[in-house]
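Read off the chains here:
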Amino acid sequence: MALLDQWLERLRNARDELVANPRFQRWALKNPVTRPLARRGARAGLDLAAGFVYSQVLVACAQLKLFDVLRDGPLSLDALATELALSEPAARRLLEAAASLGLAERRGAKYGLGLLGAAFAGNRAALAIVEHQPLLYADLADPVALLRQEKRGRLADYWPYSDGVAPEALSAQQVGPYSAFMASTQPMVAQEALDAYDISRHRHLLDIGGGEGVFLAAAGARAPHLQLALFDLPAVAARAKERLEESGLLSRADIHGGDFLNDPLPEGADVATLIRIVHDHDDASALKLLRNVRKALAPGATLLIIEGMSGIKGAEPLDAYYGFYTLAMGRGAPRRVEEIEALLREAGFGKFRLLRNALPALASILAAKAV
């Protein structure tokens, strides 16, 4: 095996040296056999170099509500300029950029939705994520300084619990922005998870770090017999109580406020969920959390970890996104499935199963049993 590895490494080194050679690059573009591959590589390089500009075009479309404006049908340039409160040259520049990215589409003398634009128009949660991104983009203006920890990320202030603030000290005003953001983006995660896992097989669900109760409400709608419980910071739990009362589910739900790293968690659930929680914590904190969860669960109970995971086929770029997002946030990192399983095993879980789901780029679902 060692000889095979050495041979493969020599082959990769030879490949890298060849592809880095300008003469080979020019030859590959001229050769009709290699030209399609060379062009795809050049396009991929362009997308990487210009990707930030693409993202800013998308942000501008979202902030100007372009997808809402075009949802009822195509409009002329002058009509769009009026709707967007832009000059005609500025509107044309934005629309041409959007059309080049599939967000808009030229239709004769008018502009309509492109395929991607139509998808965004029908997904408010995805648009909420897009409108949140400028915070991250500001932190990434100097990525080397961020890597060297020479600057503090603005995202650390947006997620106040990541900055070592005592949970009980966080006010409703402090938790409001991020709680509302999580609530607006949670429906698509909830749908993905509940389509992949039959929650109705259980009798009692505990959602740990459950925010405003969006997932809890979705699970309750899928399984009318399911007893519901939520645990989050006191100020967040108060928001969850209001939401569940408005949805008519509060009579089925127990809402608990506290610190999930240090306070005892409610017992009695046969299924618990951690949704976009574990990758927000370093290994020591994640292990502490998982041990606390294990104390609350009887042997045989199920734990579902639902979040973006590293190394998942079809979701490879999440390493870049979550790697730098958590860096700007000030804690946590994306983990491979085997790394999460190692933490779970140390905390008292086993019988792991990575569920198949439709959109792993959104989230993956890892099931484990309390042993």
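If you look the protein up in an unreviewed UniProt entry, it shows as Methyltransferase from Methylocystis hirsuta.

**Student:** Give a description of the overall build of the protein that names residues and reports values.
**Tutor:** The helix and strand tally for the protein stands at 16 helices and 10 strands. The dimensions of the protein, computed from C-alpha atoms along their principal axes, are 65 × 65 × 45 Å. Taken over 371 residues, the protein has a buried fraction of 46%. Summarising the internal contacts of the protein: among those between residues at least 6 apart in sequence, 66% fall at separations of at least 24. In the form shown here, the protein has an accessible surface area of approximately 19,200 Å², with 56% of it arising from carbon and sulfur atoms.

**Student:** Please set out the sheet that holds strand β1 (residues 75-76) residue by residue, giving values where relevant.
**Tutor:** The strand order across the open sheet formed by 3 strands is β1-β3-β2, and the pairing between neighbours is antiparallel. At either end of the open sheet lies a strand with only one pairing partner, and these are β1 and β2 (104-107). Running at roughly 105 degrees to β2, helix α6 (residues 88-100) makes contact with β2 and β3 (110-113) of the sheet.

**Student:** Describe in detail the pattern of salt bridges, supporting the description with residues and values.
**Tutor:** Any two side chains of opposite charge can pair, so long as their charged atoms come close to each other. Scanning the model with the defined rule gives 14 salt bridges in all. With its nearest N and O atoms 3.0 Å apart, the salt bridge here joins D68 to R124. Here D68 is found in helix α4 (residues 66-70), whereas its partner R124 is found in helix α8 (residues 124-139), with 56 residues between them in sequence. Overall, D68 belongs to the partly exposed group, its relative accessible area being 33%.

**Student:** Can you tell me about unusual backbone geometry, naming the residues and giving the values?
**Tutor:** Positive phi, normally seen in glycine, also occurs at K65, with a value near 60 degrees. Owing to a relative accessible area of 38%, K65 belongs among the partly exposed residues under this scheme. You will see that Q149, though not glycine, has its phi angle at about 55 degrees, which is positive. With respect to the helices, strands and loops of the structure, Q149 is situated in the loop between α9 (143-147) and α10 (155-158).

**Student:** Got a sec to walk through the packing of aromatic side chains? Specific residues and values, please.
**Tutor:** Counted according to the given criterion, the structure contains 9 aromatic pairs. Judged by centre distance (5.5 Å) and plane angle (80 degrees), the rings of F52 and Y137 are edge-to-face. Here F52 is found in helix α3 (residues 35-63), whereas its partner Y137 is found in helix α8, with 85 residues between them in sequence. Look at F52 and you get partly exposed, because its relative accessible area is 47%. Looking at Y137, the relative accessible area reads 15%, which means it is buried. Grouping aromatic residues by their ring pairs yields a cluster made of Y158, W159, Y178 and F181. Residue placement shows R201 over the ring face of Y197; its charged tip is 4.4 Å from the ring centre.

**Student:** Mind laying out helix α15 (residues 318-329), listing which residues take part and the relevant values?
**Tutor:** Taking 1.5 Å as the rise per residue, α15 with 12 residues should run 16 Å; its terminal C-alpha atoms sit 16 Å apart, in good agreement. All of the buried residues in α15 are L318, Y322, Y325, T326, A328 and M329. Down the axis of α15, the smallest arc covering the buried residues is 160 degrees, so these residues share one side. Tucked into the core, α15 has its buried residues touching α8, α9 and α10. Just downstream of α15 lies G330, where phi reads positive at about 105 degrees.

**Student:** Give me the environment of S247: which residues, what numbers.
**Tutor:** Within the element layout of this structure, S247 appears in the loop between α13 (234-246) and β6 (253-257). A polar contact of 3.0 Å, which involves the side chain of S247, links it to the backbone oxygen of L244.

**Student:** Residues and numbers for the nonpolar core, please.
**Tutor:** By size, the foremost hydrophobic cluster in this structure holds 36 residues, and its most contacted members are I208, L274, V293, L303, L344 and F349. Breaking this core down by element, the ones donating at least two residues are β4 (204-208), β5 (227-232), β7 (271-275), α14 (283-296), β8 (302-307), α15, α16 (337-347) and β10 (364-370). Among the elements that make up this core, the one with the highest residue count is α14 (6 residues). Ignoring any residue separated from it by four or fewer positions in sequence, one finds I208 in contact with F231, F260, L265, A272, T273, L274, I277, L289 and V293. Membership of the second largest hydrophobic core comes to 29 residues, among which are A125, L226, L304 and I365.

What counts, and where the lines are drawn
Every chain's residues receive numbers from 1 upward, in the order its sequence appears when written. Residue-level local features of this predicted model are given only where pLDDT is at least 70; pairs of side-chain atoms are given and counted only at 80 or more, and the full residue set underlies all totals for whole chains, interfaces and linings. Each side-chain value is derived from all of the structure's non-hydrogen atoms; neither hydrogens nor water enter the calculation. For the purposes of this entry, the term helix denotes a DSSP run of H or I that reaches at least four residues, the term strand denotes a run of E that reaches at least two, and both are numbered from the N terminus. Residue burial is assigned from relative accessible area. The probe radius is 1.4 Å, only protein chains are included, and a residue is buried under 20% of its type maximum, exposed over 50%, and partly exposed in between. Between two residues, a contact is recorded if the distance between any of their heavy atoms is within 4.5 Å. Note on areas: Shrake-Rupley, 1.4 Å probe, and residue coverage restricted to the protein chains presented here. Between any two strands, pairing holds if DSSP finds at least two bridges. Working convention: axes come from line fits to C-alpha atoms, limited for helices to the stretch in contact. Angles between N-to-C directions cover 0 to 180 degrees. The term salt bridge refers to a pairing of a side-chain nitrogen on Lys or Arg with a carboxyl oxygen on Asp or Glu at a separation within 4 Å. The rule is short: rings of Phe, Tyr and Trp, with Trp giving its six-membered ring, pair when the centres are within 6.5 Å, and they are stacked under 30 degrees, edge-to-face over 60, tilted in between. Any Lys NZ or Arg CZ found within 6 Å of a ring centre and within 35 degrees of that ring's normal is scored as a charge over the ring. What a helix should span is 1.5 Å times the count of its residues minus one. Working note: the arc is built from the helix axis to C-beta atom directions. Polar contact is the term for a pair of N or O atoms within 3.5 Å; when the atoms are in protein, one must be able to donate a hydrogen and the other to accept it, and sequence-neighboring residues count only if both atoms are side-chain atoms. In these notes, a set of buried Ala, Val, Leu, Ile, Met, Phe, Trp, Tyr and Cys residues joined through side-chain atoms within 4.5 Å is what counts as a nonpolar core.

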